[in-house]
Amino acid sequence: MYTESLVKLGKVRSEIREIFEYGNQRKAQIGADKVFDFSIGNPSVPAPQSVDDAIIDLVEHFDSVALHGYTSAQGDAAVRNAIAEYTNQRFHTTLTGNHIYMTCGAAASLTIVLNAVLQKDDECIVFTPYFPEYGVFMERTGAKLVEVQSEQGTFQIDFQNLDAAVNEKTKAVIINSPNNPSGVVYTEEKLKQLAAFLEDKQKAYGHPIFLITDEPYRELVYDDTKVPYMICLYDNTFVCYSYSKALSLPGERIGYIAVSPKMTQFEDAYAAVCGSGRALGYVCASSMYQRVIEKCIADTSDISIYKRNRDLLYQALTEMGYECVYPDGAFYLFVRTFGQDAHVFCEKAKEYELLLVPADSFGTPGYVRVSYCVQTKQIEDALPAFRALAENYR
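Residues numbered from 1 in each chain as written. Predicted model: local features only at pLDDT ≥ 70, side-chain atom pairs only at ≥ 80, totals over all residues. Heavy atoms only, no water.

A. Local environment of the sheet that holds strand 9 (residues 324–325). The four strands lie next to each other as 9-10-13-12, forming an open sheet whose pairing is antiparallel. The sheet is open, and its two edges are formed by strand 9 and strand 12 (357–358), each paired on a single side. (Pairing = 2+ DSSP bridges. Helix = DSSP H or I, 4+ residues; strand = E, 2+ residues; numbered from the N terminus.)

Here's what the structure looks like:
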C-alpha cells in the first residue's frame, strides 16, 4: 500500500539517532551527568551574539509581513547577492546571486544536487569514511553509491582505489572536508590532484563528472589548516554549505548551494537545481533566517572551545593506548576499536555509560566516532570511563 523503501526508512532510525535516543532514555533513568553521550554532532557552543542581535533587530524593525512571508523560490535576491559577494572576497571567485540557491541546511542542498544530476544507473563515488545519509539522499534517483576506500591511517584520497572505481557510469563524486566522521581535512595537493584526475576522466568518457562538496564544517578548522575552495580548482563543482555548525544553528536548517560559474552548460545546471528544489518541495528556505545570515555572514561561534576539547580528548585517549586519527577540523575524533567488531566495542562502552558510534555505516569497520562538541566538563568526567574501557580490553 505504501512505498516499501520509505516505510523501512521511517521505521528504522539512523544508527546515530538510535544511540542518541538511547542516551536520552538512559539520562532519564540515572541522570544526565552520569551518561557520557558522544553520539551526535549537535553544537554545544552557543550562537554568536550577532545572531541574537540580528534576530531582535529584524523582529523590531523589519516589516513583519515581509520577514515571515515567502521569498523567491531560490531565496531572497539580496541575501544571495551578499553570499556571492562575501565568497568572492574570500576566495576570489566570480559568483553572483544567480549562482546561489538557498536551502534548508546541507541535507537539503545535497538532496537537491544529487537529484539534479543523477539518473538511473549512474554512479556516485564517496570516499570512506563518509556520512551514511548520502545513500538515503540519492536513493530516489536510482543511481548507485560507490565506496572508495581512503588511505589507511591518514584517510586522505587514495588515487589507486579511485582509478579502479571510476568508469563511464561515474556521474558525480562527493567530498566532505573537514570530514564527518574522521575530522580529516583533505590537503590542497590531494584536491588539486583530484581536480586534474576528474578533468582527465571527463575527457576520456565524453561527459561531465560533477564534484559535490559537502561543507557544513568548513569553518571548523584548527592550527591554521587551510580548506581549499573547490570552485577555484574544478569547474564542474557544486558547493553544498550549511550554517548549522559554524553559527551553531542546526535546528534552524539554513544553508545554500553554490553552482560554479564555469559549470558545463551553467544555465541548465542552475535550472536543474531550481527544478529539483521545486520537485522535492525545498523552496523558499526560512525567510527570517536568510536575513539573519545576511547580517552575520562573516561570523562564527567560538571555535576555540572545540579546539580545546579536541586537544584534551586526543591527548588523553592516545596516552591511554587508543589509536586515534588526528583531526584537523570538524568536531569528531575517529578511534580504532580494541577488537575488530565496533558494535561489540560500543556495547561494551555502554557498560561504562559511554555512548559512541560504530563506523561500519560510515564505510570503515573497526572504528568508532566520538563527537566532542560537548561541554568540556563532560570530556573531563568521561576520561575515567574511557580508561576503564581500555583496561577491560587489556
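B. Geometry of the environment of Ser109. Within the secondary structure, Ser109 is located in helix 6 (residues 105–117). Not counting the four nearest positions on each side in its chain, Ser109 is found in contact with Thr103, Cys240, Tyr241, Tyr256 and Ile257. (Contact = heavy atoms within 4.5 Å.)

C. Quick look at the side chain of Ser177. Note on placement: Ser177 falls in the loop between strand 5 (170–175) and helix 9 (188–205). Within the structure, the side chain of Ser177 is placed 2.9 Å from the backbone nitrogen of Tyr186, a separation counted as a polar contact. Those residues in contact with Ser177 that sit more than four places away from it in its chain are Val184, Val185, Tyr186, Asp214 and Val227. (Polar contact = N/O pair within 3.5 Å; in protein donor to acceptor, adjacent residues only side chain to side chain.)

D. View of the pairing of strand 7 (residues 237–242). Among the six residues of strand 7, six are classified as buried, and the element is accordingly described as predominantly covered. Here strand 7 shows a buried face lined by Thr237, Val239 and Tyr241 and a second buried face lined by Phe238, Cys240 and Ser242. Where strand 6 (residues 210–215) meets strand 7, five bridges bridge the pair, whose relative direction is parallel. Along strand 7, the bridge assignment pairs Thr213 with Val239. As judged from the five bridges shared by strand 7 and strand 8 (residues 255–259), these two strands associate in the antiparallel manner. Within strand 8, the residue paired with Ser242 across the bridge is Gly255. (Buried < 20%, exposed > 50% of the residue type's maximum accessible area, 1.4 Å probe, protein only.)

E. Examining the pattern of salt bridges more closely. Using the criterion set out here, one finds 21 salt bridges in the structure. Between Arg310 and Asp223 there is a salt bridge; the shortest N-O distance is 2.9 Å. Taken together, the residues Arg310 in helix 12 (residues 304–319) and Asp223 in the loop between strand 6 and strand 7 connect sequence positions 87 residues apart. When its relative accessible area of 42% is taken as the criterion, Asp223 is described as partly exposed. Residue Lys350 pairs with Glu347 through a salt bridge whose shortest N-O separation is 3.1 Å. Of this pair, Lys350 and Glu347 are both found in helix 13 (residues 342–350), three residues apart, which corresponds to roughly one turn of the helix. Looking at Glu347, the relative accessible area reads 46%, which means it is partly exposed. (Salt bridge = Lys/Arg side-chain N within 4 Å of Asp/Glu carboxyl O.)

F. Examining the sheet that holds strand 8 more closely. The strand order across the open sheet formed by seven strands is 2-8-7-6-5-3-4, and the pairing between neighbours is mixed. Two strands close off the open sheet at either side, each with one partner strand: strand 2 (100–103) and strand 4 (144–148). In this sheet, neighbouring strand axes are inclined to one another by 20° on average, regardless of whether the strands run parallel or antiparallel. Judged from the four bridges that link them, strand 2 and strand 8 form a sheet pairing that is antiparallel. Paired with Thr103 across the two strands is Gly255, which belongs to strand 8. The strands that helix 5 (residues 77–91) touches are strand 2 and strand 8; relative to strand 2, the one it contacts most, it runs at about 115°. Sheet contacts for helix 9: strand 3 (123–127), strand 5 and strand 6; angle to strand 5, the most-contacted strand, approximately 170°. (Axes fitted to C-alpha atoms, helices over the stretch in contact; angles between N-to-C directions.)

G. Structural context of a nonpolar patch on the surface. Nonpolar side chains collect at one region of the surface, where Met1, Tyr2 and Val7 lie side by side and expose about 420 Å² of accessible area between them. Here Tyr2 shows up in the segment before helix 1 (4–11). (Patch = residues over 30% accessible without salt bridge, like charges linked within 9 Å, V, L, I, M, F, W, Y side chains within 5 Å. Areas by Shrake-Rupley, 256 points an atom, 1.4 Å probe, with all protein chains shown as cover.)

H. The pairing of strand 10 (residues 332–336), seen in detail. Within strand 10, four of the five residues are buried, which leaves the element mostly enclosed by the surrounding structure. Direction of pairing for strand 9 relative to strand 10: antiparallel, over a ladder of two bridges. Of the residues in strand 10, the one forming a bridge with Val325 is Phe334. Hairpin connection between strand 9 and strand 10: a loop of six residues separates the two successive antiparallel strands, and Ala330 in this loop has a positive phi of roughly 60°. Alignment of strand 10 against strand 13 (residues 367–371), held across five bridges, turns out to be antiparallel. Bridge pairing links Arg336 to Tyr367 in strand 13.

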